[in-house]
Amino acid sequence: MRCRDQCPDRLITWPFGGWRWLSRCCCSLVLYLFLHPQAFSHEQITVRFATFNTSLYRDSPGQLKKDLSTGSNKQAQRIAEVIQRVQPDVLLINEFDYDETGETVESFQRHYLQVSQSNQPPIQFGHSFIAPQNTGIASGLDLNGDGNTTGAGDAFGFGRFAGQYGMVVFSKLPIAKEKIRTFRTFLWKDMPAARFPLAPVSRQPFYSAEARAVLRLPSKSIWDLPIMCGLQTVRLVVAHPTPPVFDGPEDRNGLRNHDEIRLLADYIDPRRSNYIYDDQGRRGGLQQDDLFVVAGDMNADPFDGDSRNAAIRQLLDHLRVHQGTVPSSRGAVVKSRMDGGANDGQRGDPAHDTSDFANDLSVGNLRLDYVLASRSLQVANSGVFWPSPGDDGHAAIAASDHRLVWIDLHLEDDASN
């Protein structure tokens, strides 16, 4: 028996005046929305995410802190000028020596970013993040096979001192610091089907059993930083995998670069991230509905260079990563033609290059630096800051052999703010 047959009165009887009461409520709601449209409306904001390998590293501990203690360092002035010209909202810097006191980061902001360079508007970031990294942290083992245990190549990440070639994130938007995850101590052996190198002749493991038991996979670290972008949170996942060179026929760095990038690709995929654990022991990666941006100098070009098996394709072709938007510049094309050498035979589009290796014509310029958004995000614009000779800002790019890469994302904000 249907409810209508059993209790018809309940279907047609309305409290407080029946249909007239309902009509008045609807009219009141319409009038309220007309007078207060912001109550249920959202507006779109544009947030610029960027990555920049600044080459702000030094060969001795404390030297970068000293160099940035005043505003007179020419390299830092040029780096700051590039950043001021692009005006990112969220910026990852690679190759910035780690300082646990935070004084180096503070000095860079106070003496360089917040001071106009070449008549550019100063830039101020209200938030930043730094954390310990693996570079220069002694393993006590012979990791590079040279018979010694105390060299830069025997550290968990190549470095002459702790924190060399470090990372720092600057943000104009709040960072939910209580939800930050770091992955500095994740062990390579804990990755399923890890690609450990083999000795070229014996085909036995290149690393000793003792080394394989303690060797960390991230050469610096991996960070997951929740950036509060209006009504939405974007998880900024950053890294700087080891270059796939400076090794031998065993290709230990090429294999590590591949697996570092694989760790990122697995982290953004809920189907493949169960094995991953952070420095607090929490397991898993991003959830299916998480918005994210992956950024960093990945040291891997999708077509050219020495990376193994097009390692970066693990991210570029991932189903969760936004496709079709490739940051580019005219300056990179001009430089490729000027340099010649290996550039003439490359398969990749030179407009997409982000690094300038003119001093090594056997390599050519490559696309190594990436800002990749999740597929569900709307990419409004993108670019590589690489002015051609004679263009504004061209002199500043000499400060680093990498170029700043950026993307603009459309996100939702509360229109009442």
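Above this text is the structure in question.
This one's a predicted model, so the numbers in the text were calculated from it and none came from an experiment.

Conventions we followed
Residues numbered from 1 in each chain as written. Predicted model: local features only at pLDDT ≥ 70, side-chain atom pairs only at ≥ 80, totals over all residues. Heavy atoms only, no water. Helix = DSSP H or I, 4+ residues; strand = E, 2+ residues; numbered from the N terminus. Buried < 20%, exposed > 50% of the residue type's maximum accessible area, 1.4 Å probe, protein only. Contact = heavy atoms within 4.5 Å. Areas by Shrake-Rupley, 256 points an atom, 1.4 Å probe, with all protein chains shown as cover. Axes fitted to C-alpha atoms, helices over the stretch in contact; angles between N-to-C directions. Parallel < 35°, antiparallel > 145°, perpendicular 65-115°, else oblique. Nonpolar A, V, L, I, M, F, W, Y, C, P; charged D, E, K, R; others polar. Pairing = 2+ DSSP bridges. Phe/Tyr/Trp six-rings, centres within 6.5 Å; stacked < 30°, edge-to-face > 60°. Lys NZ or Arg CZ within 6 Å of the ring centre and 35° of its normal. Polar contact = N/O pair within 3.5 Å; in protein donor to acceptor, adjacent residues only side chain to side chain. Salt bridge = Lys/Arg side-chain N within 4 Å of Asp/Glu carboxyl O.

Helix and strand counts for the protein stand at 10 helices and 11 strands. Burial statistics for the protein: of 417 residues in total, 52% are counted as buried. Within the protein, residue pairs in contact and separated by at least 24 positions form 73% of the contacts whose partners lie at least 6 positions apart. Accessible area for the protein stands at about 19300 Å²; split by element, carbon and sulfur atoms hold 50% of it.

With that settled, the discussion passes to the packing of helix α5 (residues 74-86) against helix α6 (residues 103-113). Packing of α5 against α6 brings their axes to within 10 Å, and their N-to-C directions diverge by 75°. The pairing of α5 with α6 is recorded here as roughly perpendicular in orientation. Across the interface between the two elements, Ala76, Gln77, Ile79, Ala80, Ile83 and Gln84 from α5 touch Phe108, Tyr112 and Leu113 from α6. When its residues are assigned to classes, the contact of α5 with α6 shows seven nonpolar, two polar and no charged.

Through backbone hydrogen bonds, the strands of a sheet pair up, either in parallel or in antiparallel fashion. Taken in spatial order, the five strands line up as β5-β6-β7-β8-β9 in an open sheet, and their pairing is mixed. Whereas interior strands pair on both sides, the edge strands pair on one side only; in this sheet they are β5 (181-182) and β9 (369-373). The pairing of β5 with strand β6 (residues 222-229) spans two bridges and is antiparallel. Of the residues in β6, the one forming a bridge with Thr182 is Trp223. Along the sheet face, helix α8 (residues 252-267) touches β5, β6, β7 (232-239) and β8 (291-297) and points at about 165° away from the line of β7.

Here we come to the pairing of β7. The buried fraction of β7 is high, at six of eight residues. Between β6 and β7, which follow one another and run antiparallel, lie two residues, and Gly230 among them has a positive phi close to 65°. Across five bridges, the pairing between β7 and β8 is parallel. Bridge assignment links Val234 to a residue of β8, and that residue is Leu291.

On inspection of all chains with the given rule, the structure shows 13 aromatic pairs. Ring geometry for Phe108 and Phe170: centres 6.3 Å apart, planes at 45°, overall tilted. With a gap of 62 residues between them, Phe108 in helix α6 and Phe170 in strand β4 (residues 167-171) connect regions that are remote in the sequence. The pair formed by Phe108 and Phe170 is uniform in burial state, with each residue classed as buried. An angle of 45° between the planes, with centres 4.8 Å apart, marks the rings of Phe186 and Tyr277 as tilted. Linking Phe186 in the loop between β5 and α7 (209-214) with Tyr277 in the loop between α8 and β8, this pair joins segments that are 91 residues apart in sequence. Considered together, Phe186 and Tyr277 belong to a single accessibility category, that of buried residues. Among the aromatic side chains, those forming a connected cluster through ring pairs are Phe96, Phe108, Tyr112, Phe125 and Phe170. The ring of Phe156 carries Arg216 above its face, with NZ or CZ at 4.3 Å from the centroid. For the cation-ring pair, Arg313 lies above Phe303, with the distance from its terminal atom to the ring centre recorded as 4.8 Å.

It is worth spelling out helix α10 (residues 330-339) at this point. Every buried residue belonging to α10 is among Gly331, Ala332, Val333, Lys335, Ser336 and Asp339, and all of these are buried. Two or three places before Ala332, at the start of α10, stands the capping residue Ser329, its side-chain oxygen 3.2 Å from that residue's backbone nitrogen.

Our next topic: the pattern of salt bridges. For the structure shown, the criterion picks out 22 salt bridges. One salt bridge connects Glu103 with Lys65, and the closest N-O pair in it is separated by 3.7 Å. Here Lys65 lies in helix α4 (residues 63-67) and Glu103 lies in helix α6, a separation of 38 residues in the sequence. Owing to a relative accessible area of 28%, Lys65 belongs among the partly exposed residues under this scheme. Across the pair Asp190 and Lys189 runs a salt bridge, and its minimum N-O distance is 3.1 Å.

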